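# Breakdown of the fold
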Amino acid sequence: MSDEFKVIPPTTKVLCPERGEGWTLTGITGIHEHTSVMFNGVRYTIPAREIVEHLLPNYINQQDSNSKSE
């Protein structure tokens, strides 16, 4: 993945296979940052790269799957 990407705002929804659906508490402006994400009332600090490369695509793919099955 390129080190350049669009800014990800706070409250962006993400999906973790282990923790379920969550959302970012802070925005992401760089791939080398860490940001806070809330899952089930627990705050985690996660590398931006993990969010951008895995958790955000997981959520988008789930939404796409849900819309296709309706």
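So, here is what we can say about the structure in this document. (Residues numbered from 1 in each chain as written. Predicted model: local features only at pLDDT ≥ 70, side-chain atom pairs only at ≥ 80, totals over all residues. Heavy atoms only, no water.)

Let us now look at the packing of aromatic side chains. Applying the stated criterion to the full structure yields 1 aromatic pair. When the centroid spacing of 5.7 Å and the interplanar angle of 65° are considered together, the rings of Phe39 and Tyr44 count as edge-to-face. In this structure Tyr44 comes out as partly exposed when scored by relative accessible area, which is 28%. (Phe/Tyr/Trp six-rings, centres within 6.5 Å; stacked < 30°, edge-to-face > 60°. Buried < 20%, exposed > 50% of the residue type's maximum accessible area, 1.4 Å probe, protein only.)

The next subject is the pattern of salt bridges. As enumerated under the stated definition, the model contains 2 salt bridges in all. Two residues, Lys13 and Glu21, come together in a salt bridge whose shortest N-O distance is 3.8 Å. By relative accessible area, Lys13 is classed as partly exposed at 40%. Judged by relative accessible area, which is 38%, Glu21 ranks as partly exposed. (Salt bridge = Lys/Arg side-chain N within 4 Å of Asp/Glu carboxyl O.)

If you look at the biggest cluster of nonpolar residues, it comprises 13 residues, and the most contacted ones within it are Val14, Val37, Phe39, Ile46, Ile51 and Leu55. Contributing elements (two or more residues each) for this core: strand 1 (13-16), strand 3 (34-39) and helix 1 (48-69). Take this core: its biggest share by element is 5 residues, from helix 1. (Core = buried A, V, L, I, M, F, W, Y, C linked by side-chain atoms within 4.5 Å. Helix = DSSP H or I, 4+ residues; strand = E, 2+ residues; numbered from the N terminus.)

Spatially, 4 strands are ordered 1-2-3-4 in an open sheet, and the strand pairing comes out antiparallel. Among the strands making up the open sheet, the edge pair consists of strand 1 and strand 4 (42-47). For this sheet, the mean inter-axis angle between neighbouring strands, taken without regard to orientation, is 40°. In the sheet, strand 2 (residues 20-24) pairs with strand 3 via 3 bridges, with the strands oriented antiparallel. (Pairing = 2+ DSSP bridges. Axes fitted to C-alpha atoms, helices over the stretch in contact; angles between N-to-C directions.)

This next bit is on the side chain of Ser36. Tracing the backbone through its elements, the reader meets Ser36 in strand 3. Assessed through its relative accessible area of 6%, Ser36 is described here as buried. Among the polar contacts made by the side chain of Ser36, one reaches the side chain of Arg43 at a distance of 2.9 Å. Not counting chain neighbours up to four residues away, the residues in contact with Ser36 comprise Trp23, Thr24, Leu25, Thr26, Arg43, Tyr44 and Thr45. (Polar contact = N/O pair within 3.5 Å; in protein donor to acceptor, adjacent residues only side chain to side chain. Contact = heavy atoms within 4.5 Å.)

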